[in-house]
Amino acid sequence: MASGFSYTGGRSRCFAYWQEFSKCYAEADAPSQCRLQADDYLECLHHTKEVCIPAVGCILTHILFMQIARAKAVKAEFIKQAEHHAKEGRKVADVLADGVIVSE
């Protein structure tokens, strides 16, 4: 953290996260105990958990991944159903093709 001050002279936007991290780090027996606070502070600085897409706007990456996973699941189910309907259609066509009309 550079100075702790924003460009307008007040607190920086991530100062509260820095305070939480530094308090945890001072009281912790091992630095790994403060991983959550460190992650929060670094996300505040670098916005690594946020993705900005022009058509959608800014969203959190875990939400984006959930939406992508859901879209893939829906697509897989659609393909599965389409294959099933195609297979059933072929069965009906085979029965009709094998059928012989016998005139008496």
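These figures come from a predicted structure and were not determined experimentally.

J.: I'm lost on the overall build of the protein in this one. Help?
T.: For the protein, the count of helices and strands is three helices and two strands. Reading the protein from its N terminus to its C terminus gives the helix and strand order α-α-β-β-α. Pairs at least 24 residues apart make up 18% of the contacts formed inside the protein by residues separated by at least 6 positions. On the protein, roughly 8800 Å² of surface is accessible, and the fraction owed to carbon and sulfur atoms is 61%.

J.: Please clarify how the state of the cysteines should be interpreted in this entry.
T.: A covalent bond between the sulfur atoms of two cysteines is what we call a disulfide. The final tally for this structure, using the stated rule, is two disulfides. Across the disulfide from Cys24 sits Cys34; the S-S distance is 2.1 Å. Since a negative S-S torsion denotes a left-handed disulfide, the Cys24-Cys34 link at about -95° is left-handed. Linking Cys24 in helix H1 (residues 15–27) with Cys34 in the loop between H1 and helix H2 (35–46), this pair joins segments that are ten residues apart in sequence. Of the two residues, Cys24 and Cys34, neither departs from the other in class, the shared state being buried.

J.: Would you explain H1 in this entry?
T.: Since there are 3.6 residues in each turn of an α-helix, residues three or four apart along the chain are aligned in direction. Between its first and last C-alpha, H1 extends 18 Å over 13 residues, near the 18 Å set by a 1.5 Å rise per residue. Every buried residue of H1 is listed here: Phe15, Phe21 and Cys24.

J.: Mind showing me how you'd approach H2 here?
T.: For H2, built from twelve residues, the straight-helix expectation of 16 Å at 1.5 Å per residue is met to within 8% by its first-to-last C-alpha distance of 16 Å. Three or more residues of H2 are buried, namely Ala38, Tyr41, Glu43 and Cys44. His47 occupies a position one or two residues after H2 and carries a positive phi of about 55°.

J.: Would you mind going over the pattern of salt bridges with me for this structure?
T.: Here the idea is simple: oppositely charged side chains can pair when their charged atoms come close. For the structure on display, the rule yields one salt bridge. With a closest N to O distance of 3.0 Å, Arg35 and Asp39 form a salt bridge. Taken together, the positions of Arg35 and Asp39, both in helix H2 and four residues apart, correspond to about one turn of that helix. Of the residues examined, Arg35 reaches a relative accessible area of 46% and is grouped as partly exposed. A relative accessible area of 29% places Asp39 in the partly exposed class.

J.: Looking at this structure, how should I read the environment of Leu42?
T.: Residue position: Leu42 is located in helix H2. The class for Leu42 is partly exposed, based on a relative accessible area of 38%. Once the C-alpha coordinates of Leu42 and Cys14 are considered, the two residues, 28 residues apart in sequence, prove to be 8.8 Å apart. For Leu42, the contacting residues outside a window of four places in its chain are Arg35 and His47.

J.: Is there a simple way to think about the packing of H1 against H2 in this case?
T.: Two measures define how a pair of helices packs: the angle their axes make with one another and the distance between the axes. Between H1 and H2, whose axes approach to 9 Å, the crossing angle comes to 155°. Relative to H2, H1 is oriented roughly antiparallel. At the point where H1 passes H2, the crossing takes the left-handed sense. Contacts from Tyr17, Trp18, Glu20, Phe21 and Cys24 in H1 reach Gln37, Ala38, Asp40, Tyr41 and Cys44 in H2.

Conventions and cut-offs
Residues numbered from 1 in each chain as written. Predicted model: local features only at pLDDT ≥ 70, side-chain atom pairs only at ≥ 80, totals over all residues. Heavy atoms only, no water. Helix = DSSP H or I, 4+ residues; strand = E, 2+ residues; numbered from the N terminus. Contact = heavy atoms within 4.5 Å. Areas by Shrake-Rupley, 256 points an atom, 1.4 Å probe, with all protein chains shown as cover. Disulfide = S-S within 2.5 Å. Buried < 20%, exposed > 50% of the residue type's maximum accessible area, 1.4 Å probe, protein only. Expected span 1.5 Å × (residues − 1). Salt bridge = Lys/Arg side-chain N within 4 Å of Asp/Glu carboxyl O. Axes fitted to C-alpha atoms, helices over the stretch in contact; angles between N-to-C directions. Parallel < 35°, antiparallel > 145°, perpendicular 65-115°, else oblique. Left-handed = near helix turned anticlockwise from the far one by under 90°.

None of this, on its own, says anything about what the molecule does.
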